[in-house]
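Residues per chain are reported as follows:
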Amino acid sequence: MTEAVEYDVVVLGAGPVGENVADRARAAGLSVAVVESELVGGECSYWACIPSKALLRPAIARAEARRVPGLSESARGPLDAAAVLAHRDYFTAHWKDDGQVGWLEGIGAVLHRGHGRLDGPKRVTVTDSDGAERVLTARHAVAVCTGSRAVLPGLPGIDGAGAWTSREATSSPTVPARLVVVGGGVVGMEMATAWRALGSEVTVLIRGGGPLPRLEPFAGELVTEALTEAGATVRTGVSVAAVERDGASGPVTAVLGDGERIEADEILFATGRAPRTDDLGLKTVGLEPGSWLTVDDTCLVEGSDWLYAVGDVNHRALLTHQGKYQARMAGAAIAARAKGAAVSASDAWSAHTATADHAAVPQVIFTDPEIAAVGLSLAEAEAAGHRVRAVDFDLSGVSGAALYADGYRGRARMVVDLDREILRGVTLAGPGVGELLHSATVAVVGEVPIDRLWHAVPSFPTISEIWLRLLETYRDQ
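My aim in this report is to walk through the structure given alongside it, one point at a time. (Residues numbered from 1 in each chain as written. Predicted model: local features only at pLDDT ≥ 70, side-chain atom pairs only at ≥ 80, totals over all residues. Heavy atoms only, no water.)

Description of the overall build of the protein
To keep things clear, this is the line we draw: Runs of H or I in DSSP of at least four residues are treated as helices and runs of E of at least two as strands, each being numbered from the N terminus. Each residue gets one of three labels from its accessible area relative to the maximum for its type: buried under 20%, exposed over 50%, partly exposed in between, using a 1.4 Å probe on protein chains only. Here a residue-residue contact requires only that any non-hydrogen atoms of the pair lie within 4.5 Å. Here the Shrake-Rupley method, with its probe set to 1.4 Å, supplies the accessible areas, and only the displayed protein chains count as covering residues. The sign given to each residue is positive for Lys and Arg and negative for Asp and Glu; His and the chain ends receive no count. Where a charge lies is defined by one atom per residue type, namely NZ (Lys), CZ (Arg), CG (Asp) and CD (Glu).
When helices and strands are counted, the protein shows 15 helices and 21 strands. Here the C-alpha coordinates of the protein stretch approximately 70 × 65 × 40 Å along the principal axes. When the 477 residues of the protein are sorted by exposure, 52% land in the buried category. Residue pairs in contact within the protein that sit at least 24 positions apart in sequence constitute 63% of those at least 6 positions apart. Of the roughly 20600 Å² of accessible surface on the protein, 51% is carried by carbon and sulfur atoms. Computing the positive centroid from 43 side-chain charges and the negative centroid from 60, the protein places the two 2 Å apart.

Below, the structure written as structure tokens:
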């Protein structure tokens, strides 16, 4: 019989979310086991945020340099693709996790390599690569931090076509001569931007009416315009009906719904994600395998007093920074409950509840131009029943933007709650706007009254002067 090893907390998944849960629990003096079947550091470190931004940074820097007098001509040449890929490999530590393992061990957590499955309440069975099993039990909590995975659609021919998901798109060792990108969400737009800049002939196929459909319409319009000018083809209102691959390494063909055929060297499907909960033993605790896990604001699974689901698996906000935020709240809640403290999910703004997931989620999309948004779009605010007004301003009319680049193109919108005179959301589109997002986030999360924002004076001449222009526009409407 396998002997069970007991810990205060068992964490399933050693990505950024699991690491933060473990860190908070250890800081509170709890013993912690972390179970990981792949690389410590997770999706973000090796196949998502880090490698994608390493690929995108040279593309964006060159695009911006081409708009600066005195520099534009010297930035006309192609990117050094080999150097960009090597830079990407450096930031992923060449897909080795020694450094992250060292950090985890440094906080005093115990790492168990293998696939972890729930085996009843507060019990986890870990199976290693040799098939050996260990049983871990938790005195206080098990935290599911296994994240999400890319989903390929069930199209004819796709199983043998070697189609890319986000993992292959961020880790490819070579630049495909021709790349078809299926999907107009964040992954599709970012990867279209990166690989087009690296020399791929890129065709983007979007089933709906335009890219980035969850954001303000102007965001997708500006990104489409820039991609088209960069030489990519963006097509909307089209769907892929089948995929064909000529041999193991031959060209791939996307067969559209109307029978049109588009040939490429690789095809990326950026068409959705699913929770990594299908082989997690959820049935042993009365939950549905493969499901998203519903939680309260402390990330405690509905109906449980010991099982937490943190990050992508709870489907609240599929973003690394939001998952880490949830992890800090959940870790604090686990520690408080372990010490006998009462923790309520209704304790808004407390150190134990993840309230920002509801209406104040910030996100930067690293395309050209950058898109930065927090809170509700105009359509979302109206659908939620708020009486709101959209206040728009062309960023090219801001002195800092004109100095930032010749022909600066961008737009800003704030969504004002007319009853409360606060901001429900802000969206910015333009070069360099990602660094403006936190000021918008503070304004939305802090529910700063419009009449107080007048006294937050932006420095001249910076792009942040957009705040003054938006306030003036609101006053004059």
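What follows continues from the structure just given.
Section: the sheet that holds strand S17 (residues 362-365)
Rule in force here: Whether two strands pair comes down to DSSP finding at least two bridges between them. Here an angle of 0 to 180 degrees is reported between the N-to-C directions of two axes, which are lines fitted to C-alpha atoms, with helices fitted over the stretch in contact.
An order of S17-S18-S21-S20-S19 is seen for the five strands of this open sheet, with the pairing classed as antiparallel. Sheet topology places S17 and strand S19 (388-394) at the edges, where each strand pairs with a single neighbour. Going from strand to strand, the sheet's axes swing by 15 degrees on average, the running direction of each strand aside. The sheet contacts of helix H8 (residues 217-229) involve strand S18 (371-375), strand S20 (411-417) and strand S21 (422-429), and relative to S20 the element is tilted by about 170 degrees.

Side note on the packing of helix H1 (residues 16-27) against helix H9 (residues 320-338)
Where we set the bar: Throughout this description, any angle smaller than 35 degrees is read as roughly parallel, any larger than 145 degrees as roughly antiparallel, any in the 65 to 115 degree range as roughly perpendicular, and the remainder as oblique. Each helix crossing is assigned a hand: it is left-handed if the near helix lies turned anticlockwise from the far helix by less than a right angle, otherwise right-handed if that turn is clockwise. Under the convention adopted here, Pro, Cys and the residues Ala, Val, Leu, Ile, Met, Phe, Trp and Tyr are nonpolar, Asp, Glu, Lys and Arg are charged, and Gly plus all remaining residues are polar.
Running from N to C, H1 and H9 cross one another at 25 degrees; their axes reach a closest spacing of 8 Å. It follows from the interaxial angle that H1 and H9 lie roughly parallel. Of the two elements, H1 crosses H9, and the hand of that crossing is right-handed. Here Pro16, Val17, Asn20, Val21 and Arg24 of H1 come into contact with H9, specifically with Thr320, Gly323, Lys324, Ala327, Arg328, Gly331, Ala332 and Ile334. Among the residues making up the contact of H1 with H9, the classes are represented as six nonpolar, four polar and three charged.

With respect to the sheet that holds strand S13 (residues 261-264)
As summarised here, the arrangement of the three strands in space is S11-S12-S13, forming an open sheet in which the pairing is antiparallel. Only two strands of the sheet have a single partner each, and these edge strands are strand S11 (240-245) and S13. This sheet shows a mean twist of 20 degrees between the axes of neighbouring strands, independent of strand direction. Summarising the sheet, S11 and strand S12 (residues 252-256) pair through five bridges and their orientation is antiparallel. In the strand pairing of S12, Val240 is matched with Leu256.

Some details on the pattern of salt bridges
One side chain can pair with another of opposite charge once the charged atoms of both are near each other. Threshold: Here, a salt bridge means any Lys or Arg side-chain nitrogen found within 4 Å of an Asp or Glu carboxyl oxygen.
By the definition in use, this model includes 30 salt bridges. Of the charged contacts in the structure, one is a salt bridge between Lys53 and Glu190, with a shortest N-O distance of 3.1 Å. Note that Lys53 is positioned in helix H3 (residues 49-65) and Glu190 in helix H7 (residues 186-197), a separation of 137 residues in sequence. Notably, a salt bridge pairs Asp97 with Arg113, separated by 2.9 Å at the nearest N-O pair. In this pair, Asp97 sits in the loop between helix H4 (81-91) and helix H5 (98-106) while Arg113 sits in strand S3 (residues 110-113), placing the two residues 16 residues apart along the sequence. One salt-bridge network, in which partners are shared between bridges, spans Glu38, Glu43, Arg167, Arg273 and Arg276.

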